[in-house]
Amino acid sequence: GGGGGGGVGAERVAVPSSSRASLAAAAAPTTTTTTTTSTTTTAAEASGARLRRTASGDVRRQYEYEQRQRQRAQREAQHQYESLDYDPQENYIYHSALKAKRMVAFRKEDFLRWVIVLLVGVCTALVAFFIDMGVTLIAKFKFSITSNLIAECHNCFALPFLTYLCSNILLVAVAAYLVAFVEPVAAGSGIPEIKCYLNGVKMPRVLRVKTLLAKALGVLFSVSGGLACGKEGPMIHSGAIVAAGLSQGKSSTISGLRKGVLAFIFDPFRNDNDKRDFVSGGAAAGGAAAGGGGGAGG
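Remember, it's a predicted structure, so these values are computed and weren't measured experimentally.

**Thoughts on the nonpolar core**
Logical step 1: Grouped together as the largest cluster of nonpolar side chains are 26 residues, with contacts concentrated most on Val127, Ile131, Ile194, Tyr197, Leu207, Met235 and Val279.
Logical step 2: Within the residue set of this core, elements represented by two or more residues are α3 (103–152), α4 (158–182), α5 (191–198), α6 (209–224), α7 (232–248) and α9 (272–291).
Logical step 3: Listed in part, the eight residues of the second largest apolar core include Ile116, Ile265, Phe266 and Phe269.

Shown next as structure tokens:
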């Protein structure tokens, strides 16, 4: 009986042991699964945080890049209209350089200055002569064609009138194309632009050779086409461009002259102060050439 009782007791002890083992075995995967799930959730959260930080960093960098681009564009736009420095630098280095100069150097600069002014006057007069002769020749050609048509059709009206009208439209269209597509800054008289430059406002492409060609040809074709415009303002602008180019000995439009030529002649005048003096003289020469000498006194 005691053995039976012991057997029963052993069974009673064994059953809870196996149950505990089974429970432990069943509980172990649950713990592992829970740990794995929590680890996966933590990794996903960390990955999401990294993605959010990366995205926010990308947005911030893009914003900073756009800000830098806008600031650069503003600086470039302001640099195009930057004020010109017409005042000499009154400092020790400047006065030392003046004292180191010999009287021969001063006389040489004065002589070269008068030579450049003479060349500016001659070249401006040649531009005015080219415009006048061009207008005269085109007008003669236009009126000769019209007169021949009138004679051939026995004093008819329609064909000569249409020919005269179409020739004027063609000439004006050429002038409009030059100032609309080739060089827009050549539109108008040019006097406000030159006044701005003389007052110290740097305007882009005002004193370029391309502007001179568009201005001269535009005036030629406009006047030949019968428009009610004159050459006084355009000649002032043209004279200023001629003076700006000749006084510096270089050109931004012509590739071979971008670095300049004859540095021993033009180097003393390659500064804003001397260039303004030549530009004002060229503008006066243009006004005189347009008025046949009377414009200078006015």
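Moving on, there is more to tell.
**Digging into the pattern of salt bridges**
Logical step 1: Applying the stated criterion to the full structure yields six salt bridges.
Logical step 2: The closest approach of N and O atoms between lysine 101 and glutamate 109, which form a salt bridge, is 2.6 Å.
Logical step 3: On the accessibility criterion, glutamate 109 (16% relative accessible area) is buried.
Logical step 4: For aspartate 110, the salt bridge identified is with arginine 113, shortest N-O distance 3.1 Å. Of the two residues, aspartate 110 and arginine 113 are both situated in helix α3; the distance of three residues between them amounts to about one turn of the helix.
Logical step 5: Within the structure, one salt-bridge network assembled from shared partners comprises Asp110, Arg113 and Asp274.

**With respect to the state of the cysteines**
Logical step 1: Enumeration over the complete set of coordinates arrives at one disulfide.
Logical step 2: Disulfide pairing is shown between cysteine 153 and cysteine 156; the S-S distance is 1.7 Å. Here the disulfide of cysteine 153 and cysteine 156 is left-handed, its torsion about the S-S bond being about -95 degrees.
Logical step 3: Given the relative accessible area of 22%, cysteine 153 is considered partly exposed.
Logical step 4: Relative accessible area serves as the criterion here: at 27%, cysteine 156 is assigned to the partly exposed category.

**Side note on α3**
Logical step 1: With 50 residues, α3 extends 74 Å between its outermost C-alpha atoms, agreeing within 8% with the 74 Å of an ideal straight helix rising 1.5 Å per residue.
Logical step 2: In the segment just after α3, histidine 154 is the residue with positive phi, at about 60 degrees.

**Some details on unusual backbone geometry**
Logical step 1: Of note in the backbone geometry, arginine 205 takes a positive phi value of approximately 65 degrees without being a glycine.
Logical step 2: In this structure arginine 205 comes out as partly exposed when scored by relative accessible area, which is 38%.

**Describing the packing of aromatic side chains**
Logical step 1: Counted under the stated rule, the structure contains four aromatic pairs.
Logical step 2: Their ring planes at 35 degrees and their centres at 5.3 Å tell us that tyrosine 177 and phenylalanine 181 sit as a pair that is tilted. With tyrosine 177 and phenylalanine 181 both in helix α4, this residue pair falls four residues apart, about one helical turn.
Logical step 3: Its relative accessible area of 63% is what places phenylalanine 181 among the exposed residues.
Logical step 4: Above the plane of the ring of phenylalanine 106 lies lysine 101, whose end atom (NZ or CZ) is 5.2 Å from the centre.
Logical step 5: For the cation-ring pair, lysine 142 lies above phenylalanine 143, with the distance from its terminal atom to the ring centre recorded as 5.7 Å.

**Examining the side chain of serine 222**
Logical step 1: By the secondary structure assignment, serine 222 is in helix α6.
Logical step 2: On the basis of relative accessible area, serine 222 is assigned to the buried category, the value being 13%.
Logical step 3: Non-local contacts of serine 222, meaning those with residues more than four positions away in its chain, are made with Ala175, Leu227 and Cys229.

Definitions and limits used
- Residues numbered from 1 in each chain as written.
- Predicted model: local features only at pLDDT ≥ 70, side-chain atom pairs only at ≥ 80, totals over all residues.
- Heavy atoms only, no water.
- Core = buried A, V, L, I, M, F, W, Y, C linked by side-chain atoms within 4.5 Å.
- Buried < 20%, exposed > 50% of the residue type's maximum accessible area, 1.4 Å probe, protein only.
- Helix = DSSP H or I, 4+ residues; strand = E, 2+ residues; numbered from the N terminus.
- Salt bridge = Lys/Arg side-chain N within 4 Å of Asp/Glu carboxyl O.
- Disulfide = S-S within 2.5 Å.
- Expected span 1.5 Å × (residues − 1).
- Phe/Tyr/Trp six-rings, centres within 6.5 Å; stacked < 30°, edge-to-face > 60°.
- Lys NZ or Arg CZ within 6 Å of the ring centre and 35° of its normal.
- Contact = heavy atoms within 4.5 Å.

All quantities given are derived from atomic positions and should not be read as evidence of function.
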